[in-house]
Amino acid sequence: MALDGAFIDSLRKDIEAVLKRKKFKLESEKIQEALNKAVEGFEKASVHAESALMAHALGVNFVTEILQDEGIAIGVSKRSCFCCDLLAELIADRESTDLQFVLPGTHSTIHPWYPPSGLPIDILQTIKVRLLKSMRTVLETAIDIEASAAQTTPLHSTVDLPQWQATMADAMSYPDPSAR
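Predicted, not measured: the structure shown is a model, and the values here were computed from it.

Visitor: Can you help me understand the side chain of Asp14 in this one?
Guide: Of note, Asp14 is situated in helix α1 (residues 5-21). On the basis of relative accessible area, Asp14 is assigned to the buried category, the value being 19%. Contacts of Asp14, omitting those with residues within four sequence positions, involve Leu132, Met135 and Arg136.

Take a look at the structure:
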């Protein structure tokens, strides 16, 4: 499955808009390199086991009737990624179902991820919106950190900075600062 060229163009425009709003200059080639790297990651995407189980439970009527108002524990050996955790949250928030999934927590890393088949379109659209919002937030945060690192005399800070030193290359390579 290939990524739609129009989608990649909209991502580039989103990134350029954040850079412009933050008055941060980054060569167009660097943005393209980061997008190319993201596309390579997309080619390695897979359906994660916990997301497949959640989608299956969502589509099976007797499961929702029997397990209504109870948490469905999904046993996996590692913490869930950002997308799987988000999927569990979105399914739990649906008014048309009372499904709650119990996952082993999240490491909040955004891995190449295919949504499982059978998910309702509203959930897919919300995942897309939340991923794009996360991208913008991480990019803005990285720019702010980069700008504050360039100050010779630091001003009063109202927020604790992460333990790692972010650069624009980091922001483009690691979609979520908590993944570092």
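Don't stop here, the text continues.
Visitor: Hey, could you run me through the packing of helix α5 (residues 82-93) against helix α6 (residues 121-150) in this one?
Guide: At their nearest, the axes of α5 and α6 sit 10 Å apart, and the two run at 130 degrees to each other. One way to sum up the angle between α5 and α6 is to call them oblique. Of the two possible hands of crossing, α5 and α6 adopt the one that is right-handed. Contacts from Phe82, Cys83, Leu86, Leu87, Glu89, Leu90 and Ile91 of α5 reach α6 at Ile123, Thr126, Ile127, Arg130, Leu131 and Ser134. By residue class, the composition of the contact of α5 with α6 is 9 nonpolar, 2 polar and 2 charged.

Visitor: Would you explain the packing of α1 against helix α2 (residues 28-42) in this entry?
Guide: How two helices sit against one another is set out by the angle between their axes and by the gap between those axes. Relative to each other, α1 and α2 sit at 135 degrees, their axes nearing to 11 Å. On the basis of the axis angle, α1 is oblique to α2. Relative to α2, α1 is oriented so that their crossing is right-handed. Across the interface between the two elements, Ile8, Leu11, Arg12, Ile15, Glu16 and Leu19 of α1 pack against Ser28, Ile31, Gln32, Leu35 and Val39 of α2.

Visitor: So what exactly am I meant to see when it comes to the nonpolar core here?
Guide: A general feature of soluble globular proteins is that nonpolar side chains tend to end up buried together. Of all hydrophobic cores here, the largest spans 22 residues; its most connected members are Met54, Leu87, Ile91, Phe101, Trp113, Ile123 and Ile127. Of the residues forming this core, the biggest block, 8 residues, is contributed by α5. With residues up to four places along the chain from it excluded, the contact list for Ile91 reads Met54, Leu58, Thr97, Leu99, Phe101 and Ile123.

Visitor: Sorry, what's going on with the state of the cysteines here?
Guide: In this structure the tally under the stated criterion is 0 disulfides. The thiol of Cys81 is unpaired, and the distance to the nearest cysteine sulfur, on Cys84, comes to 3.7 Å.

Visitor: Can you help me understand the pattern of salt bridges in this one?
Guide: Pairing between side chains becomes possible if they bear opposite charge and their charged atoms approach one another. A full pass over the atoms with the stated rule returns 6 salt bridges. Of the charged contacts, one joins Arg21 and Glu140 as a salt bridge, the two residues approaching to 2.3 Å between their closest N and O atoms. Taken together, the residues Arg21 in helix α1 and Glu140 in helix α6 connect sequence positions 119 residues apart. Overall, Glu140 belongs to the partly exposed group, its relative accessible area being 21%.

Visitor: Could you clarify how one ought to interpret helix α3 (residues 49-59) in this entry?
Guide: It helps to recall that an α-helix has 3.6 residues per turn; residues three or four apart then point in one direction. Within α3, burial applies to Glu50, Ser51, Met54, Ala55, Ala57 and Leu58. The buried residues of α3 occupy an angular sector of 165 degrees when projected down its axis, which confines them to one face. Opposite the buried face of α3, at more than 90 degrees from it, the exposed residues are His56 and Gly59.

Visitor: How should I be thinking about the environment of Ala92 in this particular structure?
Guide: When you line up the elements, Ala92 lands in helix α5. With a relative accessible area of 21%, Ala92 lands in the partly exposed category. Here the alpha-carbon distance between Ala92 and Gly71, two residues 21 residues apart in the chain, equals 9.8 Å. With sequence-adjacent residues up to four places away left out, Ala92 is seen in contact with Leu99 and Gln100.

Visitor: Would you mind going over the packing of aromatic side chains with me for this structure?
Guide: The way to describe two aromatic rings as a pair is by their centre distance and the angle between their planes. Applying the stated criterion across every chain yields a total of 1 aromatic pair. Geometrically, the ring pair formed by Phe42 and Tyr114 is edge-to-face, given 5.4 Å between the ring centres and 80 degrees between the ring planes. Placement of the pair is Phe42 in helix α2 and Tyr114 in the loop between β2 (100-102) and α6, with a sequence separation of 72 residues. Residue classification places Phe42 among the buried residues on the basis of a relative accessible area of 17%.

Reading guide: rules and limits
Residues numbered from 1 in each chain as written. Predicted model: local features only at pLDDT ≥ 70, side-chain atom pairs only at ≥ 80, totals over all residues. Heavy atoms only, no water. Helix = DSSP H or I, 4+ residues; strand = E, 2+ residues; numbered from the N terminus. Buried < 20%, exposed > 50% of the residue type's maximum accessible area, 1.4 Å probe, protein only. Contact = heavy atoms within 4.5 Å. Axes fitted to C-alpha atoms, helices over the stretch in contact; angles between N-to-C directions. Parallel < 35°, antiparallel > 145°, perpendicular 65-115°, else oblique. Left-handed = near helix turned anticlockwise from the far one by under 90°. Nonpolar A, V, L, I, M, F, W, Y, C, P; charged D, E, K, R; others polar. Core = buried A, V, L, I, M, F, W, Y, C linked by side-chain atoms within 4.5 Å. Disulfide = S-S within 2.5 Å. Salt bridge = Lys/Arg side-chain N within 4 Å of Asp/Glu carboxyl O. Arc of directions from axis to C-beta. Phe/Tyr/Trp six-rings, centres within 6.5 Å; stacked < 30°, edge-to-face > 60°.

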